[in-house]
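# Close look at the chain arrangement
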Amino acid sequence: MASQLTVRDFFKRFPDDEACLTHIMQVRYGLKHDCRACGVEATFHRMSNRRAYACSHCGDHLYPTAGTIFENTRTPLQLWFYAIYLFVTTRHGVSGKELERSLGVTYKTAWRMGQQIRDLMTKADQFDMLQGHVELDEAYVGGHRPGKRGRGAAGKTIVMGLKERDGRIKAEVIPNVKMPTLRGVVLRNVEEGATVSTDELMSYGLLEGDGYKHGAVKHGAKEWAYYDYRHDALHHTNSVESFWRLFKKSVAGTHIHVSQKYMGRYLGEFTFRANHRQMENAMFDLLIGAV
Ligand SMILES: [Zn+2]
């Protein structure tokens, strides 16, 4: 299957709610699987009077949407699928207004759907500790005046990004930029022994005692990269900074303002896309199957 999911592909694959339900069944259980009730590897048939499948051996009813965001909703499955499609294929995020327009639902419904999909993206992207060479960089986001990097600027949320060189990314909201907070972020997310590149916010060698090879670039002194012969590593934070550039630009352009309360979800949305880029079909099914 191609990695890109065009809108034409989308409507060909999911022409109606029925096709969507079948897809959820296939992604979560398979049309043939070991029945949870009788234990027999059985075929499951669509029941005509409810959103369920029945085991051909014992007749047990299986509701494929149980436990998913599709379970207790009056919004048609195809609209949910299309909303998820928009989240998977966008680069700058999807605003409530845009969802309202594209789906033809009320703004309130659109907003709620958006938050539920972001939640799903955040949960679907939990993984183990980062390894190898990891860059760290903090950012101040979400205030009304985008782009100004003032420490502790009013209305802004402090966020920390951690990115493996050419690899996965994580991001989280942090309460402040004090040493114990910053050190805690690294200990929670980065495997011991990894090389860690930061800016001077984390004083050079701070993490050495915790078993990391740490280098700090002095951005204030216009030092953007340096080679550490001791650890044989090039220290810079360019890849995580480019993630923050996209994130800030997108939040300012698409959402205007994101409050601290919801910031975690928006981070989850953007890191999920960054971690699964080039695999829109896989991203899509990951979210469809998530509970
Ligand atoms: Zn059965």
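Per an unreviewed UniProt entry, the protein chain is named Mobile element protein, and its organism is Candidatus Phaeomarinibacter ectocarpi.

### Observations regarding the side chain of threonine 181
When you line up the elements, threonine 181 lands in helix α6 (residues 179-189). Look past the residues within four positions of threonine 181 in its chain and what remains in contact with it is Ile174, Pro175 and Asn176.

### So, empty space enclosed by the protein
One pass over the structure, following the stated rule, counts 2 cavities of 30 Å³ or more. Taken as a whole, the second largest cavity encloses approximately 40 Å³ of empty space. For the second largest cavity, the full set of lining residues is Leu136, Asp137, Glu138, Met160, Leu182, Thr198, Asp199, Leu201 and Met202. Here the lining of the second largest cavity is built from residues that sort into 5 nonpolar, 1 polar and 3 charged.

### As for the domain arrangement of the protein chain
As a measure of interface size, the accessible area lost when the parts come together is often cited. By domain assignment, the protein chain separates into domain 1 (7-125 + 275-289) and domain 2 (133-258). Each of domain 1 and domain 2 was reduced to a C-alpha centroid, and the two centroids are 35 Å apart. Of the residues lining the interface, 7 residues belong to domain 1; the matching set on domain 2 comes to 7 residues. Summing the contributions of domain 1 and of domain 2, the shared interface buries around 590 Å²; its carbon and sulfur component is 50%. For domain 1, the biggest contributors to the area lost against domain 2 are Arg91, His92 and Asn275; these three give 73% of the whole. Taken together, the residues that form the side of domain 1 that touches domain 2 break down as 1 nonpolar, 4 polar and 2 charged.

Reading guide: rules and limits
- Residues numbered from 1 in each chain as written.
- Predicted model: local features only at pLDDT ≥ 70, side-chain atom pairs only at ≥ 80, totals over all residues.
- Heavy atoms only, no water.
- Helix = DSSP H or I, 4+ residues; strand = E, 2+ residues; numbered from the N terminus.
- Contact = heavy atoms within 4.5 Å.
- 1 Å grid on protein atoms, 1.4 Å probe; cavity = no way out; pocket = protein on both sides within 12 Å on 5 of 7 lines; lining within 4 Å.
- Points joined across faces, edges and corners; volume = space filled by probe spheres on them.
- Nonpolar A, V, L, I, M, F, W, Y, C, P; charged D, E, K, R; others polar.
- Domains from an automatic or database assignment.
- Buried area = accessible area lost by both parts, 1.4 Å probe.

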